[in-house]
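# Geometric and topological summary
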Amino acid sequence: MYYSKINKCSIAEAPGISVVLFVSGCLPNKCKEGTCPGCHNKEAQKFNYGKEFTFETKCELIDAIKQPYINTFVLCGGEIFDQDIEVLVDLVQTIKELMPEKTVWVYTGFLWDDFKDVEEALLAYQNGDVGLHAKVKVRITKNINGEDVTRTIETTAGKIIFNQGIPQDLGF
């Protein structure tokens, strides 16, 4: 993964003072000819633009975010969810483990309401990214008559937590 810039003292992307990582690269899946209307970072649309994200880059970001005047870490770019997501998840989890009081903002063209499974939705709730009563969509796979059936349901984190204690094969 590459990034175009790190801003260690920004007041433009979030309330208060934040550290901002501008990732490089976006796919033309949401944009006409790969250019989002009003794109502010056209040069950063290429995935190999800028510098390679390394362990040293991660340490540099964490040191910057540790400053007492920093409120928020912001990911923007490029398209965040077109990146090496494992690298970004590791970065955000490290920040939240070391500095749970810091907030994390993500600028993206995607919507945060469709989770691949119950575990992913609960992780978002546990990390404070989704409220207990916020409506989310979750893909559920159940075995019905020997066949796996997948459906997307609309629910809330609270309903997921409540239903964990109820046997799923309980009849009426």
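## A closer look at the pairing of strand β7 (residues 135–144)
In terms of strand pairing, strand β6 (residues 114–115) meets β7 through two bridges, oriented parallel. Looking at the pairing, F115 lines up with V138 of β7. Crossover handedness for the path β6 to helix α3 (residues 118–126) to β7: right-handed. Where β7 and strand β8 (residues 147–156) come together, ten bridges link them in antiparallel fashion. Counted as the bridge partner of T141 is T150 from β8.

## Quick word on helix α2 (residues 85–98)
Between its first and last C-alpha, α2 extends 20 Å over 14 residues, near the 20 Å set by a 1.5 Å rise per residue. Taken together, the buried positions of α2 are occupied by L88, L91, T94 and I95. The buried residues of α2 occupy an angular sector of 125° when the element is viewed end-on, so they sit on one face. Away from its buried face by more than 90 degrees, α2 exposes E86 and E97.

Quick notes on the rules
- Residues numbered from 1 in each chain as written.
- Predicted model: local features only at pLDDT ≥ 70, side-chain atom pairs only at ≥ 80, totals over all residues.
- Heavy atoms only, no water.
- Pairing = 2+ DSSP bridges.
- Helix = DSSP H or I, 4+ residues; strand = E, 2+ residues; numbered from the N terminus.
- Right-handed = clockwise from strand over helix to strand, strands pointing away.
- Expected span 1.5 Å × (residues − 1).
- Buried < 20%, exposed > 50% of the residue type's maximum accessible area, 1.4 Å probe, protein only.
- Arc of directions from axis to C-beta.

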